[in-house]
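# Observations on the three-dimensional arrangement
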Amino acid sequence: MKGFLHQLFDYNFYCNKKLIEQCSSMGSVPENSQKLFNHLLNAHHVWNHRILEKPSEYTISQIHQVDQWGDIHYENQRTSFEIITNTDDFAKRIDYENSEGRMYANELKDILFHIINHSTHHRGQILADFRNSGIEPESLDYIFYKR
């Protein structure tokens, strides 16, 4: 499981890095894309901190400047890899409070997969927003990454 999760987080890192590079080279990033990518970064951070039982430094909707995205993304990745590497029980239940203050518990493996799935979902929205704004996005399909 560790190897597969590392692969998924490598893919996630690759895709987010590509988007950061593309956005950094633009004169102006569409506003909706900015909000979605900030949310994607913030949610990854929040989930890592829930797993580690630490207070989050960011809120789900916090806005960061494009030139800050790379550092936040790198730290998210480093923390997720550390969690995966140091885990012996992926079925361990993690208790956490959601952004509305409700308590939940999920298995670690499900939370880690959620981080990847959530990021993929919002990247898809960003790519659609790019197209609607006349911007040609790079292909971020998993199979292209694996080729």
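What counts and how
Residues numbered from 1 in each chain as written. Predicted model: local features only at pLDDT ≥ 70, side-chain atom pairs only at ≥ 80, totals over all residues. Heavy atoms only, no water. Helix = DSSP H or I, 4+ residues; strand = E, 2+ residues; numbered from the N terminus. Rg over C-alpha atoms; globule rule 2.2 N^0.38 Å. Buried < 20%, exposed > 50% of the residue type's maximum accessible area, 1.4 Å probe, protein only. Lys, Arg positive; Asp, Glu negative; His and termini not counted. Charge placed at Lys NZ, Arg CZ, Asp CG, Glu CD. Phe/Tyr/Trp six-rings, centres within 6.5 Å; stacked < 30°, edge-to-face > 60°. Lys NZ or Arg CZ within 6 Å of the ring centre and 35° of its normal. Polar contact = N/O pair within 3.5 Å; in protein donor to acceptor, adjacent residues only side chain to side chain. Contact = heavy atoms within 4.5 Å. Pairing = 2+ DSSP bridges.

## Thoughts on the overall build of the protein chain
If you tally the helices and strands in the protein chain, you get 5 helices and 2 strands. N-terminal to C-terminal, the α/β element order of the protein chain is α-α-α-β-β-α-α. A compact globule built from 147 residues should have a C-alpha radius of gyration of about 15 Å, and the protein chain, at 15 Å, falls within 12% of that. The principal-axis extent of the C-alpha atoms belonging to the protein chain is close to 45 × 40 × 20 Å. When the 147 residues of the protein chain are sorted by exposure, 41% land in the buried category. On the protein chain, the mean spot of the 15 positive side-chain charges and the mean spot of the 20 negative ones are 4 Å from each other.

## A few points about the packing of aromatic side chains
Under the definition given, this model contains 7 aromatic pairs. Taking the centre distance of 5.3 Å and the plane angle of 50° together, the rings of Tyr11 and Tyr145 count as tilted. Of this pair, Tyr11 sits in helix α1 (residues 2-25) while Tyr145 is found in helix α5 (residues 142-146), placing the two residues 134 residues apart along the sequence. Considering the side-chain rings of Tyr142 and Tyr145, the 6.1 Å spacing of their centres and the 40° angle between planes classify their relative orientation as tilted. Highlighted residues: Tyr142 and Tyr145, both in helix α5, separated by 3 residues, approximately one helical turn. Joined through ring pairs, the aromatic side chains of Tyr11, Tyr14, Tyr142 and Tyr145 make up one cluster. Positioned above the aromatic ring of Trp47, the side-chain terminus of Arg50 is 4.4 Å from the ring centre. The ring of Tyr11 carries the charged tip of Arg123 above its face, separated from the ring centre by 5.7 Å.

## Considerations on the side chain of His49
On the secondary structure map, His49 appears in helix α2 (residues 31-52). According to the relative accessible area criterion, His49 is buried, its value standing at 11%. Among the polar contacts made by the side chain of His49, one reaches the main-chain carbonyl oxygen of His45 at a distance of 2.9 Å. Excluding its chain neighbours within four sequence positions, the residues that come into contact with His49 are Lys54, Pro55, Ser56 and Glu57.

## Observations concerning the pairing of strand β2 (residues 103-107)
Direction of pairing for strand β1 (residues 93-97) relative to β2: antiparallel, over a ladder of 5 bridges. The residue bridging Arg93 from the neighbouring strand is Glu107, located in β2. Counting the residues that bridge the hairpin from β1 to β2 gives 5 residues, and of these Gly101 lies at a positive phi of roughly 90°.

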